[in-house]
Amino acid sequence: KKDTIILGIETSCDETAASIVKNGTEIVSNVVASQIESHKRFGGVVPEIASRHHVEQITIVLEEALQEADMGWDQIDAITVTEGPGLVGALLVGVNAAKALAFAKQKPLVGVHHIAGHIYANRLEKEFTFPLLALIVSGGHTELVLMKEHGSYELIGETRDDAAGEAYDKVARMLDLPYPGGPHIDRLAAIGEETIAFPRAWLEDGSYDFSFSGLKSAVINKIHNAKQRGETLKPEDIAASFQASVVDVLTTKTLRAAKEFNVKQVIVAGGVAANKGLRAGLQAKFSETDIPLLIPPLKLCTDNAAMIAAAGTIAYEQGRRSGLDLNANPSLLL
Ligand code: KG4
Ligand code: ZN
């Protein structure tokens, strides 16, 4: 059987990325140009700056992806691109580059959901076994998704307010840590102790939804009250206590869902999957079961285009095609 060679393009937030993936499982090239340095001094991603950077970088990144793969356009079977969700101006750069290339090179075009990409980053490590449960935790998402087969996504739980990564970034900002704050909280949490009993948002019985805004407020109040009383709280203890609450809820709900839906595999995806506390917490809980847990390596947890090509390969093989009227959709549903 002939190999399927897919080009992936990702520009939904602050990484301009292009990658070539073989058969949906093997990375041939993977180029990521990060803009984090440009957004740092603003404490978050500035959409207009992100779009401009994407415009500057997209051609270079695409050329590098082909060069690194040592491949020509004749070898590419299809062009896949993140069509949403994300920042509209940022998405538009990738979508338009993909459309222009699909037209110029006469290649099929396939729009991909960003979260499907995060999920499929795992397949670059290990083949999927269904039914499968995916915990997606990123700067914009906190979701539990049940997959019964390739390309099918059932949302069983999601955040009702902040995403997990967003909560990390906000708490980091309260502690005057640089953006993106997740990794800094993670580092501090490792040396701190859970001295503060922050709330856990379990929500109603049986719910797989999440909520992090109450926790965020509890952290703000704690810091504020301590300041007023002249008490000093150790930042590492705040980080450890905050992380303990997040990890407790994420791991407990993931384990409960995995058991209820009798899944054969649990995968973790998104930037917060890089979190050491979450990784350790999940490993501890799932080691007591016979459900295999798969967490991708750090470089596949954060935004990249290999994951888009991997998810795009399945969509392409299933016959899904986008027209040249493909548009960026900032609130695309999975
Ligand atoms: O998936 P991603 O790269 O972009 C989105 O699609 O959102 O995720 C970025 C998020 C940021 O909120 C960042 O702070 C968080 O992932 N993050 C972490 C860690 N590394 C990245 N959060 C907690 N612990 C980490 N080690
Ligand atoms: Zn992402």
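What counts, and where the lines are drawn
- Residues numbered from 1 in each chain as written.
- Chains lettered and ligands numbered in written order.
- Predicted model: local features only at pLDDT ≥ 70, side-chain atom pairs only at ≥ 80, totals over all residues.
- Near = placed C-beta within 6 Å.
- Helix = DSSP H or I, 4+ residues; strand = E, 2+ residues; numbered from the N terminus.
- Nonpolar A, V, L, I, M, F, W, Y, C, P; charged D, E, K, R; others polar.
- Domains from an automatic or database assignment.
- Core = buried A, V, L, I, M, F, W, Y, C linked by C-beta atoms within 7 Å.
- Buried ≥ 20, exposed ≤ 12 C-beta atoms within 10 Å, placed from the backbone.
- Contact = placed C-beta atoms within 7 Å.
- UniProt positions renumbered as here; feature names shortened; annotations may be inferred.
- Pairing = 2+ DSSP bridges.
- Axes fitted to C-alpha atoms, helices over the stretch in contact; angles between N-to-C directions.

1. As for the site of ligand 1
Surveying the vicinity of ligand 1 reveals 19 residues, the closest of which are Ser138, Gly139, Gly165, Gly182 and Gly271. Counting residues per element, the ones that place at least two in the shell around ligand 1 are α5 (164–174) and α6 (182–191). In terms of residue class, the shell around ligand 1 is built from six nonpolar, ten polar and three charged. Residues lining the shell around ligand 1 come from more than one domain, with at least three contributed by each of domain 1 (5–120 + 301–317) and domain 2 (128–295).

2. Quick word on the nonpolar core
Residues Ile119, Ala134 and Ala311 are the most contacted members of the largest nonpolar core, which totals 98 residues. For this core, the two domains that each supply at least three residues are domain 1 (5–120 + 301–317) and domain 2 (128–295). Not counting chain neighbours up to four residues away, the residues in contact with Ala311 comprise Val112, Ala116, Gly117, Ile119 and Tyr120.

3. What about the UniProt feature "binding site: Fe cation" (unreviewed entry) in the chain?
Under the UniProt annotation, "binding site: Fe cation" (unreviewed entry) lies at His114, His118 and Asp303. Spatial clustering of the annotated residues is evident: they stretch over 190 residues in sequence, but the largest pairwise C-alpha distance comes to 8.9 Å. If you trace the backbone, His114 turns up in helix α4 (residues 114–120). Taking the C-beta count within 10 Å as the criterion, His114 has 26 such neighbours and is therefore assigned buried. Beyond its immediate sequence surroundings of up to four residues, His114 is in contact with Ser12, Thr82, Gly84, Pro85 and Gly86. Turning to its location among the elements, His118 is positioned in helix α4. Residues in contact with His118, not counting those within four places in the same chain, are Ile136, Ser138, Ala269, Gly270 and Met307.

4. So, the sheet that holds strand β5 (residues 109–113)
A sheet is described by the order of its strands in space; here five strands give the open sequence β3-β2-β1-β4-β5, paired in mixed fashion. One side of each edge strand has no neighbouring strand; the edge strands of this open sheet are β3 (26–34) and β5. The sheet shows a mean angle of 20 degrees between the axes of neighbouring strands, direction not considered. As judged from the six bridges shared by strand β1 (residues 5–10) and strand β2 (residues 15–22), these two strands associate in the antiparallel manner.

5. Quick notes on the environment of Leu250
Looking at where Leu250 falls in the secondary structure, it is placed in helix α8 (residues 235–260). Considering only alpha carbons, one finds Leu250 and Leu135, 115 residues apart in sequence, at a separation of 8.3 Å. Residues in contact with Leu250, not counting those within four places in the same chain, are Leu135, Val137, Ala164 and Leu278.

6. Remarks on the pairing of β1
Most of β1 sits out of view: six of its six residues are buried. What you see with β1 is no split at all: Ile5, Leu7 and Ile9 on one side and Ile6, Gly8 and Glu10 on the other are buried throughout. What sits between β1 and β2 in their antiparallel hairpin is a turn of four residues. Bridge count between β1 and strand β4 (residues 78–84): four bridges; the pairing is parallel. Bridge pairing in β4 places Leu7 opposite Ile79.

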